Amino acid sequence: MNALRTLVSAIAVAALLATGLAAPPGTAAPARGGHLVIATPASSEPASMDGQVDPYTSTWLFNSFVSDPLVVLTPQAKYVPGLAASWSVTSGGKVWMLKLRPNVKFQDGTPVDAEAVKFNIDRVMNPQTHSALMADYLGAKSFLKGDAVDKSTVRLIYSAPVPALLFGLSIFPIWSPDAVKKLGTNFQQHLVGEGAYTMTEWIKGDHVKFTRHPEYSGLPSVQGHAGAAYLESITIRFVGDEGVLGQVLKSGEVNMVMGLPSQALASYKNNADFSVTAGYQPGNGLQFVFNTSKPPLDNLKVRQALRYAYDQNKMNQTLYDGNYVVVKGPLTKYSLYYWQGAENSYPYSVEKSKALLDEAGWKLNPRTAVREKDDKPLALTMTMLHHKEIGEYLAAQFRSVGVTLKIEIVPGPVQLQRVLSGDFEIMYERLRSFEPDVLFAEFNSKNNKPGGWAWTRFQNAALDETLQKTQETSDPDTRAKLFTDAQKMITEFALGLPTLDDPQYFAMRKAVKGFKLGATGNWFFANDMYVEP
Amino acid sequence: MIRYIGQRVLVLIPVVWLVFTMVFAILHVLPGDPVQLMLAGAEAGLTTPERIGQLRKAMGLDQPVYVQYERFMLRALRGDLGDSIRFQSPVNQLVLTAASQTVQLSIAGLAAALAVGLPLGVVAALKEHTWIDTGAMFVALLGVSMPLFWLGQLLILTIAIRLQWLPAISGSQPRGIVLPAVTLGFVAAGLISRLMRSSLSEVLQSDYIRTARAKGVRRGGIVMRHAIKNALIPVVTVVGLQFGGMLSGAVVTETVFSRPGLGSLVVKGILWHDYPLIQGAVLFIAVSYVLVNLLVDLTYARLDPRIEYS
């Protein structure tokens, strides 16, 4: 539970800092109104705006303007009521009962009742919906059925426990069944939920606009005031060029930037006209996994040698002025059940690295300064999508122990093809999730299959068993222990190169008030936000 | 003339069929499965092979390739290009929305290119081997050799961020088209002005120009009435090609200025193996190319009465 406490405290401090920055004490009562215009990287524009279909955090964030979730994950990392006033779990985590708040209506006037929630659950589970991830979060693998027990009670029945269901429910948008049926494939252009804003316009590749829903009844667990949200509208503008994204706040075209490039930070920090908030994300951070099915990375000593061969603190200072966060294990320190022991693993030691490589039979060729074995040089390729400078830094450090590292930048789909064919040595792999079940996805050998995330191809009975057990229990203490053990093993087996975590930076004009960060490093609803005239 | 246009339009049919078939074949030969790409694009996932199978079936990708081809062609004949796998929206709608933005940008870019390139080329040709010629050709050289993304960023930093005269994020707003059009146009203007200079310079050496001069026609009249018209023929060819290129290749400008468009849509489609989307977009580009070429051919006849189509 220590890890949980640490996480909760860290998030609470971050949230306090964020709210403190955004709303200084002594500010007058917020005035309704204002138009929030946000610039964000074009890469975060969803392919589909329907979070039941599209698997991106940006989609779920935009959906949170239009639909409140059944369960809210607070900035203090607690699950509290959303559209569901209460919930209970029976039959060893296999049966979930959700009691809905009464008298809540969708934006088209139809009721948010048990039938509507059941419709949404069934829609996600239906393969015709093409739900890429939400179905998995809601336990599709063991889902048996959903029932409307009465007007306000929904029952979900599974064949096995679904430990991370609450997290799934916290990002699950609930849509008006009438609107879904009426609009068909066009629904994602005109989302209809019951939330604080209606989706009024989406011009793909340009912007999406949300307008205040005046009849919104409010979300008590989220809002600091009753009734409709303060902002008149929220417009998200998708910016294709990083350089432009870093500067556009200064031109006055937008009043907030979400995903500010770290290179632009210096020009906003210590500037009285703007405030900057960092959102720290749970999950892996910028992690590069080893393909352990092929030499030389099938050798534990080689993998461990590489772990000793780079200095992350120096990397952070040199490349990012210390603005990133050092990650030493498979999870960032903002993740649930984080194992603090990772911080003492593999301290930077060129000598230790060299000794391990010697032991593994890789001897230095003084002529080329590269290690060799059976006349083959120790040359590796690292495949990545972005942050090339991290690769270059690693290459420079590995050279000092006699390892050649070639950097290869590929687009996401090419990365996935390479993974499928096993044609890689070191590969960028990063999953973000509040619940640490990503470790099960990434390191249980069961998931070494097409569409799976176990890219290391590593197989170890003890690790597999430990991770499997995390999926069979909903008890927080048991899960904390199992995930701690798993992190220890993953670190000991040196299955990848953890490097740094890039916080998500939010820069805004001082007139933007009420911004709050959520537990996942993203923002926490926009219901209390406003823009001062 | 009408018969000629009719014949050229008829040529579109085999061209369109060939484009369709080639794109379909290339996409299906390439490695990669759109369903797996779609699923694995997620930020966390516990997807099973069964689920992949279900999705593949739902999208019709479990059918043999010839069945997919037949189904695709039959739908296309009815004017239905299907739904985008990635965007879950009708391809017609996606392509037309993006194309309207790209066509606007291309027309504006071409207008900027002609407004700068033609006068620059004419002045350089008339003042050949003077400092004016050298200066004009230096500007043209800058245009030809300047990378689009760099020029775009330079304009954003100065005009949009520092002076705040025009928006940095172009989007679909009318004012937003100025900077991307200037960027796109400046590069094309370099080529047009160089071509105009050499073409006009050659025409000015012709016998009929010398004859006109001998007959006492004023220099301005010779240039405006006789020389420019003839010098424009090779320029029109290049303008046509440039316009076609802008329709499909404005992706860099679209990215720098955050403009939605056809180029970026095709890139997204290729990356995600979105077969229907790529087919629809490539079809639009191919048809546009053929039509632009037709327009260029018809313009020749307007410029030079000796050219006749029958």
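Residues numbered from 1 in each chain as written. Chains lettered and ligands numbered in written order. Predicted model: local features only at pLDDT ≥ 70, side-chain atom pairs only at ≥ 80, totals over all residues. Heavy atoms only, no water.

## Comments concerning the overall build of chain A
Counting its regular elements, chain A contains 15 helices and 25 strands. The C-alpha atoms of chain A give 24 Å as radius of gyration, which agrees with the globular expectation for 533 residues (24 Å, within 12%). With respect to the principal axes defined by its C-alpha atoms, chain A has extents near 75 × 55 × 40 Å. Counting all 533 residues of chain A, 62% fall into the buried class. Counted over contacts in chain A with a minimum sequence separation of 6, partners at least 24 positions apart contribute 70%. Split by element, the accessible area of chain A, about 19500 Å² in all, is 53% carbon and sulfur. Distance from the positive charge centre (52 side chains) to the negative charge centre (51 side chains) of chain A: 2 Å. (Helix = DSSP H or I, 4+ residues; strand = E, 2+ residues; numbered from the N terminus. Rg over C-alpha atoms; globule rule 2.2 N^0.38 Å. Buried < 20%, exposed > 50% of the residue type's maximum accessible area, 1.4 Å probe, protein only. Contact = heavy atoms within 4.5 Å. Areas by Shrake-Rupley, 256 points an atom, 1.4 Å probe, with all protein chains shown as cover. Lys, Arg positive; Asp, Glu negative; His and termini not counted. Charge placed at Lys NZ, Arg CZ, Asp CG, Glu CD.)

## With respect to the nonpolar core
Residues and elements named next belong to chain A. The biggest cluster of nonpolar side chains holds 65 residues, and the ones touching the most others in it are Leu70, Leu138, Leu156, Leu169, Phe172 and Leu463. Ranked by residue count, the leading element in this core is helix H3 (residues 114-125), at 6 residues. In this structure, this core is formed jointly by two domains, domain 2 (68-176) and domain 3 (287-501), each of which donates at least three residues. By size, the runner-up hydrophobic cluster in this structure holds 42 residues, among which are Tyr197, Phe238, Met508 and Ala526. (Core = buried A, V, L, I, M, F, W, Y, C linked by side-chain atoms within 4.5 Å. Domains from an automatic or database assignment.)

## What to know about the sheet that holds strand S21 (residues 496-498) of chain A
Residues and elements named next belong to chain A. One open sheet holds the 5 strands; their spatial order is S19-S18-S20-S13-S21, and the pairing between them is mixed. The sheet is open, and its two edges are formed by strand S19 (404-409) and S21, each paired on a single side. Across the sheet, the axes of successive neighbouring strands diverge by a mean angle of 20°, strand direction being ignored. Strand direction decides the pairing type here: strand S13 (residues 287-290) and strand S20 (residues 426-428), joined by 3 bridges, are antiparallel. The partner of Val289 across the bridge, within S20, is Met427. Sheet strands touched by helix H11 (residues 388-399): S13, strand S18 (379-384), S19 and S21. Its angle to S19, the strand with the most contacts, is close to 170°. (Pairing = 2+ DSSP bridges. Axes fitted to C-alpha atoms, helices over the stretch in contact; angles between N-to-C directions.)

## Considering the packing of aromatic side chains
All names here are of chain A. Here the structure, examined in full by the defined rule, presents 28 aromatic pairs over all chains. Here Phe506 and Phe515 contribute two aromatic rings whose centre-to-centre distance is 4.9 Å and whose plane-to-plane angle is 45°, an arrangement assigned as tilted. Looking at Phe506, the relative accessible area reads 0%, which means it is buried. Residue class for Phe515 comes out buried when judged on its relative accessible area of 1%. Each member of the aromatic cluster is reached from another via a ring pair, and the members are Phe62, Phe65, Tyr197, Phe210, Phe238, Phe506, Phe515 and Trp523. Across from the ring centre of Trp202, 4.4 Å away, lies the NZ or CZ of Lys204, which sits over that ring. Sitting over the ring of Tyr268, Lys250 keeps its end group 5.1 Å from the ring centre. (Phe/Tyr/Trp six-rings, centres within 6.5 Å; stacked < 30°, edge-to-face > 60°. Lys NZ or Arg CZ within 6 Å of the ring centre and 35° of its normal.)

## With respect to the domain arrangement of chain A
Residue and element names in this part refer to chain A. Taken domain by domain, chain A holds domain 1 (31-67 + 195-280 + 503-533), domain 2 (68-176) and domain 3 (287-501). Taking the mean C-alpha position of each, domain 2 and domain 3 sit 36 Å from one another. At the junction of the two partners, domain 2 supplies 8 residues and domain 3 supplies 11 residues. Summing the contributions of domain 2 and of domain 3, the shared interface buries around 730 Å²; its carbon and sulfur component is 63%. Together, Pro161, Pro163 and Phe167 form the three largest contributors to the area buried by domain 2 at its contact with domain 3, with a combined 52%. On inspection of domain 2 and its partner domain 3, the count reaches 0 salt bridges. (Buried area = accessible area lost by both parts, 1.4 Å probe. Salt bridge = Lys/Arg side-chain N within 4 Å of Asp/Glu carboxyl O.)

## Quick look at the packing of helix H1 (residues 2-29) of chain B against helix H4 (residues 65-77) of chain B
Relative placement of two packed helices is described by the angle separating their axes and the distance separating the axes. Residue and element names in this part refer to chain B. Look at H1 against H4: their axes get within 12 Å of each other, and the N-to-C directions meet at 145°. Note on packing geometry: the crossing formed by H1 with H4 is right-handed. Of the residues in H4, those in contact with Trp17, Phe20, Thr21, Phe24 and His28 of H1 are Val65, Gln68, Tyr69, Phe72, Met73 and Ala76. Looking at the contact of H1 with H4 residue by residue, the class counts come to 8 nonpolar, 3 polar and no charged. (Left-handed = near helix turned anticlockwise from the far one by under 90°. Nonpolar A, V, L, I, M, F, W, Y, C, P; charged D, E, K, R; others polar.)

## Examining the confidence of the model for chain A
The share of residues in chain A with pLDDT of 70 or more is 94%, and the mean pLDDT across the chain is 90. Within the model, pLDDT remains below 50 along residues 1-27 of chain A, and this stretch shows 33 contacts once partners closer than five positions in the same chain are excluded. (pLDDT = per-residue confidence, 0-100.)

## A few points about the interface of chain B and chain A
When the parts come together, some accessible area is lost, and that loss is often what is quoted as the size of the interface. Counting from both sides, the interface comprises 51 residues of chain B and, opposite them, 55 residues of chain A. Here chain B meets chain A over a buried area of about 4600 Å², counting both sides, of which 57% is carbon and sulfur. Linking chain B to chain A there are 0 salt bridges. At the junction of chain B and chain A, the tally comes to 6 residue pairs in polar contact (both at pLDDT 80 or more). For the side of chain B that touches chain A, the secondary-structure elements that each account for two or more residues are helix H2 (34-40), helix H3 (49-58), helix H5 (91-126), helix H7 (148-162), helix H11 (251-256) and helix H12 (262-271) of chain B. Looking at which element gives the most residues to the side of chain B that touches chain A, the answer is H3(B), with 6 residues. (Polar contact = N/O pair within 3.5 Å; in protein donor to acceptor, adjacent residues only side chain to side chain.)

## Brief notes about the sheet that holds strand S23 (residues 504-509) of chain A
Residue and element names in this part refer to chain A. Spatial strand order, S8-S9-S10-S1-S11-S23-S12: 7 strands in an open sheet with mixed pairing. Across the chains shown, the open sheet's two edge strands, defined by having one partner strand only, are strand S8 (197-203) and strand S12 (274-279). Across the sheet, the mean angle from the axis of one strand to that of its neighbour is 20°, orientation sign disregarded. Where strand S1 (residues 35-41) lies against strand S11 (residues 256-258), 2 bridges are found, and the strand directions are parallel. In the strand pairing of S11, Ile38 is matched with Met256. Sheet strands touched by helix H2 (residues 57-66): S8, strand S9 (207-212), strand S10 (233-239) and S11. Its angle to S10, the strand with the most contacts, is close to 165°.

## Some thoughts on the side chain of A:His213
Residue and element names in this part refer to chain A. Mapped onto the elements of the fold, His213 is located in the loop between S9 and S10. By relative accessible area, which is 7% here, His213 ends up buried. The residues touching His213, leaving out its near neighbours within four places in the chain, are Gln107, Gly195, Ala196, Tyr197, Thr198 and Ala228.

## A look at the pattern of salt bridges
Residues and elements named next belong to chain A. Counted by the stated rule, this structure contains 22 salt bridges over all chains. Between Glu359 and Lys301 there is a salt bridge, with its nearest N and O atoms 3.3 Å apart. Taken as a pair, Glu359 in helix H10 (residues 350-359) and Lys301 in helix H8 (residues 300-308) lie far apart in primary sequence, 58 residues in all. According to the relative accessible area criterion, Glu359 is exposed, its value standing at 52%. A relative accessible area of 33% places Lys301 in the partly exposed class. Here Lys481 ties to Asp485 by a salt bridge, and the two come within 2.8 Å at their closest N and O atoms. You can see Lys481 and its partner Asp485 sitting in helix H15 (residues 476-492), 4 residues apart, about one turn around the helix. The class of Lys481 is exposed, set by a relative accessible area of 52%.

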